[in-house]
Amino acid sequence: MKKFALIFTAILFAFALSACGNNDDKKESTGEKQSHYDQIKEKGEITIGTEGTYAPFTFHDDSGKLTGFDVEIAKEVFKRLKIKPVFVETKWDGMIAGLDSKRYDMVANEVAVRPERLEKYDMSDPYIVSKAVLIVSEDNNDIKTLDDLKGKKVGQSLDSNYRKIAEEHGATNTVVDGFNQAIDLITSGRIDATLNDSLSYLDLKKQRPELPIKVAYDKIESTNNAFLFRKGEDELAKAVNGALADMKKDGTYLKISNKYFNEDVSK
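Residues numbered from 1 in each chain as written. Predicted model: local features only at pLDDT ≥ 70, side-chain atom pairs only at ≥ 80, totals over all residues. Heavy atoms only, no water.

## Things to note about the packing of helix 2 (residues 36–43) against helix 9 (residues 234–250)
Between helix 2 and helix 9, whose axes approach to 7 Å, the crossing angle comes to 60°. As the angle between them shows, helix 2 and helix 9 are arranged oblique. Contacts between helix 2 and helix 9 involve Tyr37, Asp38 and Ile40 from the former and Glu235, Leu236 and Ala239 from the latter. Of the residues in the contact of helix 2 with helix 9, the class split is four nonpolar, no polar and two charged. (Axes fitted to C-alpha atoms, helices over the stretch in contact; angles between N-to-C directions. Helix = DSSP H or I, 4+ residues; strand = E, 2+ residues; numbered from the N terminus. Parallel < 35°, antiparallel > 145°, perpendicular 65-115°, else oblique. Contact = heavy atoms within 4.5 Å. Nonpolar A, V, L, I, M, F, W, Y, C, P; charged D, E, K, R; others polar.)

## Overview of the packing of aromatic side chains
In the structure shown here, the tally under the stated rule is eight aromatic pairs. An angle of 40° between the planes, with centres 5.9 Å apart, marks the rings of Phe57 and Phe261 as tilted. Remark: Phe261 occurs in helix 10 (residues 252–261) and Phe57 occurs in the loop between strand 1 (45–50) and strand 2 (59–60); sequence separation between them is 204 residues. For Phe57, a relative accessible area of 0% gives the class buried. Their ring planes at 85° and their centres at 5.9 Å tell us that Phe69 and Tyr253 sit as a pair that is edge-to-face. (Phe/Tyr/Trp six-rings, centres within 6.5 Å; stacked < 30°, edge-to-face > 60°. Buried < 20%, exposed > 50% of the residue type's maximum accessible area, 1.4 Å probe, protein only.)

## Focus: the nonpolar core
By size, the foremost hydrophobic cluster in this structure holds 47 residues, and its most contacted members are Phe69, Ile73, Val77, Phe78 and Phe227. The greatest single-element share of this core, amounting to seven residues, is contributed by helix 9. The contact partners of Phe69, leaving out residues within four places of it in the chain, are Pro56, Phe57, Tyr127, Ile128, Tyr253, Ile256, Ser257, Tyr260, Phe261 and Val265. One finds Leu146, Val154, Tyr162 and Ala193 within the second-largest nonpolar core, a separate group that totals 14 residues. (Core = buried A, V, L, I, M, F, W, Y, C linked by side-chain atoms within 4.5 Å.)

Following this line, the structure appears as structure tokens:
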């Protein structure tokens, strides 16, 4: 009887191991491996790369709190997805490299949608349409169009869409950390111009009306901007797109847009 009990126990143990193995095999064969979005949901937290020095999109207010249009849009998106956003501040020129190295899960920093980016990354539906302006010193009368940039010095971030536009028109670029540094270089006479978002320019002039700068040219093609993800983040991008669509439908997006720009900047 004792021998029979031992044999029966051994059979049950073997069966349990077999069942476990079959379940594992089944998971592998049906592709049930946990996706990155599932991991984010399970953790209840997503890390977001942002600049923190690019008003009015991502900056620190007088109390030192990180805020801005992109920051608020991202916060509202993940509030709806019941995921806590954790912002990781970094300079623009290293931001995409930080995404590649998995320092954070996505980027929210008015990233332009470009064909070459879409080949390497996933992007959300555009949540802002921006127009660039060409900014010069207020006493500069030599630069009136993009063609006048030939042989001139501009200040643009290394991976900026605006750098490419300026260089295509013959400008020489001085790499800057961000918009504010470019403006400082213009006012000190070290560069001739910079291309940047019209909304950033208007916000800067609102905050610092004494700055001796002006818009020399504004007839530049508009750009769609979106959240940036590593390639293969279809689930995450789809969830974000759903939240963005709901925000536009129920008026939350417009409320945030009006707060910063007094208009709907998704059009």
